[in-house]
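Architecture and fold: a report
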Amino acid sequence: MKRILGVSCLAFAGLVVFSHPAGATEKQGEPMAPRPIPKAEAPKAALKAITVYPSRVRLDGPRDGQRLGVLGQYADGRQWDLTREAQFVSSDPTVAAIEQGRVRAVANGQAVVTVSVGGQSVAVPVEVSNVADVPVSFTREVVPVLTKTGCNQGACHGAQHGRGGFKLSLLGFDPAFDFAQIVQSAEGRRVVVSQPEASILLQKPALVMEHGGGERFRVQSREYELLRRWLEDGAPEPSANDPAVV
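Since this is a predicted model, take the numbers as computed values, not measurements.

So, about the confidence of the model for the protein. Mean pLDDT over the protein stands at 88; residues scoring 70 or higher make up 88%. Throughout residues 1–19 the model reports pLDDT below 50, and contacts reaching past four residues in sequence, or to other chains, amount to 0 contacts.

Quick look at the structure:
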């Protein structure tokens, strides 16, 4: 039996092969340094055309928005993301405003966003509708912010027992539970409706107060302003008619 086990171990050991890149050396007791990943370089050929995604924008509601992506096609057949280099100009900022490549609804109407980069331009039609002064929706607007910023993920407050005495449903699957946790639990100390900026809900993720999860968004960022507006609206609760993922 010992001989059979010994042969089996030797046979298995023979299958394990370690190799190093050509010319690489390893000092005894020191691990091999990882090989650097080469960084892609932008095309040097002439820019032939650009494509903007989406090609048309429809905004529905007072706080709707759409980020535009710009892809360049080059003479050598390569494509390259030009979104950060592109310039965006709205024909009517009172209808559709531009915020760092994102089109934001301002008022009902139509406008055209001109996207320009490298001597190429594309016009993107924009239609805005249903813009009215309505309260922020907890289910449709607040919960997505908590999900996007990672507040309700498994490594944070979406964990089985939450974090720091504060628990949210994992990835926001239960808005009614999340509302109760934010507004009603801990004697309501997480929100100050009369003074939204003093709310823990805003101060901790913006790192105005110490926060074990670090900075999740900045003061006056889009996420910050949306949560602040929800508090200004009186922190309305979820509605039974809110859409749900199935």
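There is more to say after this.
The subject of this paragraph is helix α2 (residues 138–148). Owing to its 3.6 residues per turn, the α-helix aligns residues three or four sequence positions apart on the same side. Buried within α2 we find F138, T139, E141, V142, V143, V145 and L146. Near the N-terminus of α2, the side chain that reaches the backbone nitrogen of T139, with its oxygen 3.5 Å away, is that of S137. G150 occupies a position one or two residues after α2 and carries a positive phi of about 85 degrees.

Moving on to the pattern of salt bridges. Summed over the entire model, instances satisfying the criterion amount to 10 salt bridges. With a shortest N-O distance of 3.1 Å, E223 and K148 are connected by a salt bridge. Residue E223 is located in helix α5 (residues 222–232), and its partner K148 is located in helix α2; the two are separated by 75 residues in the primary sequence. Exposure remark for E223: the relative accessible area of 13% places this residue in the buried category. In this structure, E232 engages R228 in a salt bridge whose closest nitrogen and oxygen atoms are separated by 2.4 Å.

The next point concerns the environment of T149. Mapped onto the elements, T149 comes out in the loop between α2 and α3 (175–184). Given a relative accessible area of 8%, T149 falls into the buried group. The spacing of T149 and P205 is 56 residues in sequence and 8.9 Å in space, taken between C-alpha atoms. Setting aside anything within four residues of it in sequence, one finds T149 in contact with R216, F217 and E223. Here the side chain of T149 touches V145 through a polar contact of 2.8 Å, landing on its backbone oxygen.

The next point concerns the packing of α2 against α5. In the contact formed by α2 and α5, the axes pass within 10 Å of each other and the chain directions differ by 140 degrees. By the criterion of interaxial angle, the relationship of α2 to α5 is oblique. The two elements α2 and α5 cross, and the hand of that crossing is left-handed. Facing F138, E141, V142, V145 and K148 of α2, the residues of α5 in contact are E223, L226, L227 and W230. The residue inventory of the contact of α2 with α5, partitioned by class, reads 6 nonpolar, no polar and 3 charged.

With that out of the way, let us pick up the sheet that holds strand β7 (residues 96–99). Here 3 strands make up an open sheet; going across it, the order is β3-β8-β7 and the pairing antiparallel. The sheet is open, and its two borders are formed by β3 (65–67) and β7, each paired with just one other strand. Taking each pair of neighbouring strands and ignoring which way they run, the sheet shows an average axis angle of 25 degrees. In this sheet, strand β8 (residues 102–105) lies alongside β7 in antiparallel orientation, the contact comprising 4 bridges. Within β8, the residue paired with A96 across the bridge is A105.

Before going further, it helps to examine the environment of L168. Turning to its location among the elements, L168 is positioned in the loop between α2 and α3. The class for L168 is buried, based on a relative accessible area of 1%. When the C-alpha positions of L168 and G158 are compared, they lie 4.9 Å apart, and in sequence the two are 10 residues distant. Apart from residues lying up to four places away in sequence, L168 is in contact with L146, C151, N152, H157, G158, F177, D178 and I182.

Looking now at unusual backbone geometry. A cis geometry characterises the amide bond from Y53 onward to P54, with omega recorded as -10 degrees. Secondary-structure assignment places P54 in the loop between β1 (47–53) and β2 (57–60). Phi at E187 takes a positive value of approximately 60 degrees, unusual for a residue other than glycine. As for its placement among the helices and strands, E187 is situated in the loop between α3 and α4 (200–203). By relative accessible area, E187 is classed as exposed at 81%. Positive phi, close to 70 degrees, is recorded for Q220, a residue that is not glycine. Examined against the element boundaries, Q220 turns out to sit in the loop between α4 and α5. Residue Q220 is classed as exposed on the basis of its relative accessible area, which comes to 63%.

The rules we used
- Residues numbered from 1 in each chain as written.
- Predicted model: local features only at pLDDT ≥ 70, side-chain atom pairs only at ≥ 80, totals over all residues.
- Heavy atoms only, no water.
- pLDDT = per-residue confidence, 0-100.
- Contact = heavy atoms within 4.5 Å.
- Buried < 20%, exposed > 50% of the residue type's maximum accessible area, 1.4 Å probe, protein only.
- Helix = DSSP H or I, 4+ residues; strand = E, 2+ residues; numbered from the N terminus.
- Polar contact = N/O pair within 3.5 Å; in protein donor to acceptor, adjacent residues only side chain to side chain.
- Salt bridge = Lys/Arg side-chain N within 4 Å of Asp/Glu carboxyl O.
- Axes fitted to C-alpha atoms, helices over the stretch in contact; angles between N-to-C directions.
- Parallel < 35°, antiparallel > 145°, perpendicular 65-115°, else oblique.
- Left-handed = near helix turned anticlockwise from the far one by under 90°.
- Nonpolar A, V, L, I, M, F, W, Y, C, P; charged D, E, K, R; others polar.
- Pairing = 2+ DSSP bridges.

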